[in-house]
Amino acid sequence: MARRRTVTLNPAVMDEVRGCYGLAGKPIPEPPTPSSEWLARLQRWSRGLVPYPGWPTEEFDFHHIFSPVESRWLRRGLLPREMEDKWIGIMAEGELLIARSWTRYIVSRIPYRLTDDGCVEAVGLVHSTPERREDLDTVSRHVSSILGWWTAGAWERVAARGGWVLIDER
C-alpha cells in the first residue's frame, strides 16, 4: 500500500500569489469586522455547498499553522463579489472548505483544529479534487495559492483600491 505524502503550504507560492496583488512583503492587516449583511451572505453560501459529484479525490496529509491574523481572515470567510470570482472559502466545523463559486462544488476539504492561542492549525487528511491537475504537487500548489490570498484578505484589499488583477492559476 502506497504511503500518502505529507504536504504543507508552500510559502513561496503564497508570496507569489500575494505579489500578484501587490501585497508581497507587506504585513497582513486585520480583517474588517463582518457586517450582518456579510454574515448573512456567508450563511447563505455555506448552505449551498455540495461535494464535487463523481470526481475522485487526491488524498494527502497536511500540516500548517496559520498566524493569528491569517486565522481571523479564515474565520471571516472568502466570498465572491463579482461573477468572475472563482472561489468560496468557508471555515466550517472542523474543516476549511474551498469551493467553486459558479457551481458551489467543494473541491478541497482541509481539517483543522484551534490552538490555545487562537491560531488555526490545519492538520490531517485533505481531500481535494484534481480538477484537471496533473499531480499532487500541482494540487498542493493550487491549495497554497487559494489559501495564500484568502489569508491575506487579497480580494478585499484589491476591491478597496478599485483594481482588477488576474492571477495565474496553474
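Below is a summary of the structure that appears in this document.

Analysis parameters
Residues numbered from 1 in each chain as written. Predicted model: local features only at pLDDT ≥ 70, side-chain atom pairs only at ≥ 80, totals over all residues. Heavy atoms only, no water. Pairing = 2+ DSSP bridges. Helix = DSSP H or I, 4+ residues; strand = E, 2+ residues; numbered from the N terminus. Salt bridge = Lys/Arg side-chain N within 4 Å of Asp/Glu carboxyl O. Buried < 20%, exposed > 50% of the residue type's maximum accessible area, 1.4 Å probe, protein only.

Looking at the pairing of strand 6 (residues 105-114)
The pairing of strand 2 (residues 50-51) with strand 6 spans two bridges and is classified as parallel. Bridging from a neighbouring strand, valine 50 pairs with tyrosine 105 of strand 6. Across five bridges, strand 5 (residues 95-100) lies against strand 6 in antiparallel orientation. Across the sheet, the residue bridging to alanine 99 is isoleucine 106, located in strand 6.

So, unusual backbone geometry
Peptide bonds are mostly trans, and most non-glycine residues show a negative phi. Unlike most non-glycine residues, arginine 104 shows phi in positive territory, near 65°. With respect to the secondary-structure elements, arginine 104 resides in the loop between strand 5 and strand 6.

What about the pattern of salt bridges?
Inspection of the entire model under this criterion finds three salt bridges. Its salt-bridge partner being glutamate 30, residue arginine 72 comes within 2.7 Å of it at the nearest N-O pair. In this pair, arginine 72 is assigned in helix 3 (residues 68-76) and glutamate 30 in the loop between helix 1 (11-20) and helix 2 (36-47), connecting sequence segments 42 residues apart. Overall, the relative accessible area of 34% leaves arginine 72 in the partly exposed class. Since its relative accessible area comes to 45%, glutamate 30 is described here as partly exposed. Across the pair glutamate 95 and arginine 109 runs a salt bridge, and its minimum N-O distance is 2.8 Å. Taken as a pair, glutamate 95 in strand 5 and arginine 109 in strand 6 lie far apart in primary sequence, 14 residues in all.

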